[in-house]
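Close look at the chain arrangement
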Amino acid sequence: MATAAPGPSGTVDFGRCFTFVTEDPEWVTKILLGGLFTLLSAVLVGIPFIMGYWARTLKNVAAGQPRPLPAWDDLGGIFSDGLRLVGGYLVYTLGLMLVMALVGGVVMIPLFALGSTDGADGIMAIFGGLGILLFYAVIFIVSLAAIVYLPAALVRSVMRDSFAEGFAWQPIVAFIQANLGNYALSLVIYLLASFLSQIGMILCCVGIFPLAFWAYLVLAYGLGETVRMNPSSV
């Protein structure tokens, strides 16, 4: 008989997700450095550092550390941690692109075949429109599924210190199911933080990159709390 999935022991603290950063006495320096690496992401150099810092923050939150922001004193280790996540993200991205290409081929090849026949312009226009709608519907569903699934895959890779574990889809789906409320809340909190960072960019015209980095840390805190309250699920 299958055992029931473990349930969480609490709910993610909505407010602290946004404020935990400022509880660290060195938070300004840490966020500014993160903003610098976010800027460097434009030339790809900063991405592994951001992902590695994100991973270490998540693990510290999951471990219950009161001040989970790590120091920027181990750039080599942070880069290595982040590179593993970047690799996993790229594999998923390439897979998503492959699915899009396959769906596009399934939709478009019959239309090209139909268009090669005489007097088929009207029929092709009708089916072409339906095909395009179907294509975008499938892409929307696949993209939405990826948005929901990918953070959990990154969490498992981080908590297991393993590149391969980021592709263990059954435990990843089980983690989402076991923590559905907190997991969904973490994603919503991140979306809100991203929105607030965009408003800050527009109003202040400064701090664009530190604000973006802060939004990533908000997600790390929410997901870390999700793990902390249900560690056996990951």
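Just above, that's the structure.
A brief structural summary. (Residues numbered from 1 in each chain as written. Predicted model: local features only at pLDDT ≥ 70, side-chain atom pairs only at ≥ 80, totals over all residues. Heavy atoms only, no water.)

A word on the overall build of the protein chain
Scanning the protein chain from N- to C-terminus turns up 8 helices and 0 strands. Across the protein chain, helices and strands are ordered from the amino to the carboxyl terminus as α-α-α-α-α-α-α-α. Out of the 234 residues belonging to the protein chain, those deemed buried represent 39%. Pairs at least 24 residues apart make up 75% of the contacts formed inside the protein chain by residues separated by at least 6 positions. (Helix = DSSP H or I, 4+ residues; strand = E, 2+ residues; numbered from the N terminus. Buried < 20%, exposed > 50% of the residue type's maximum accessible area, 1.4 Å probe, protein only. Contact = heavy atoms within 4.5 Å.)

Looking at the nonpolar core
Counting residues in each nonpolar core, the largest one holds 24 residues, and the members touching the most others are Trp54, Leu58, Leu85, Val155, Phe175, Tyr183 and Leu223. Within the residue set of this core, elements represented by two or more residues are α3 (47-62), α4 (75-115), α5 (121-160), α6 (169-178), α7 (180-204) and α8 (208-228). At 7 residues, α5 tops the list of elements feeding residues into this core. If we skip the residues at most four places from it in the chain, Val155 touches Leu58, Phe175, Leu223, Val227 and Val234. Ranked by size, the runner-up nonpolar core spans 23 residues in total, among them Phe18, Tyr53, Leu69 and Trp214. (Core = buried A, V, L, I, M, F, W, Y, C linked by side-chain atoms within 4.5 Å.)

Details of the packing of aromatic side chains
The final tally for this structure, using the stated rule, is 13 aromatic pairs. Here Tyr92 and Tyr149 contribute two aromatic rings whose centre-to-centre distance is 5.6 Å and whose plane-to-plane angle is 70 degrees, an arrangement assigned as edge-to-face. Of this pair, Tyr92 sits in helix α4 while Tyr149 sits in helix α5, and the two are 57 residues apart along the sequence. For Tyr92, a relative accessible area of 24% puts it in the partly exposed group. Seen in terms of ring centroids, Tyr92 and Phe167 are 5.0 Å apart; in terms of plane orientation they differ by 20 degrees. Their pairing is stacked. Placement of Tyr92 in helix α4 and of Phe167 in the loop between α5 and α6 is noted, with a sequence separation of 75 residues between them. What links up through ring pairs into an aromatic cluster is the set Phe37, Phe49, Tyr53, Trp72, Phe79 and Phe213. (Phe/Tyr/Trp six-rings, centres within 6.5 Å; stacked < 30°, edge-to-face > 60°.)

Some thoughts on the side chain of Thr38
Mapped onto the elements of the fold, Thr38 is located in helix α2 (residues 27-40). Judged by its relative accessible area of 10%, Thr38 is buried. Contact partners of Thr38, with chain neighbours within four places excluded, come to Ile50, Phe209, Ala212 and Phe213.

Quick word on the environment of Arg16
Summarising the element assignment, Arg16 is placed in helix α1 (residues 14-19). Along the chain, Arg16 and Gly222 lie 206 residues apart, while their C-alpha atoms are 9.1 Å from each other. At a separation of 2.4 Å, a polar atom in the side chain of Arg16 contacts the side chain of Tyr221. (Polar contact = N/O pair within 3.5 Å; in protein donor to acceptor, adjacent residues only side chain to side chain.)

Focus: the pattern of salt bridges
Summed over all chains, the structure comprises 8 salt bridges. One salt bridge connects Lys59 with Asp161, and the closest N-O pair in it is separated by 3.0 Å. Of this pair, Lys59 sits in helix α3 while Asp161 is found in the loop between α5 and α6, placing the two residues 102 residues apart along the sequence. Of the residues examined, Lys59 reaches a relative accessible area of 30% and is grouped as partly exposed. Residue classification places Asp161 among the partly exposed positions, given a relative accessible area of 47%. Put simply, Arg84 and Asp161 hold a salt bridge, and the shortest N to O gap is 3.8 Å. With a gap of 77 residues between them, Arg84 in helix α4 and Asp161 in the loop between α5 and α6 connect regions that are remote in the sequence. One connected set of salt bridges, linked through shared partners, spans Arg56, Asp74 and Asp81. (Salt bridge = Lys/Arg side-chain N within 4 Å of Asp/Glu carboxyl O.)

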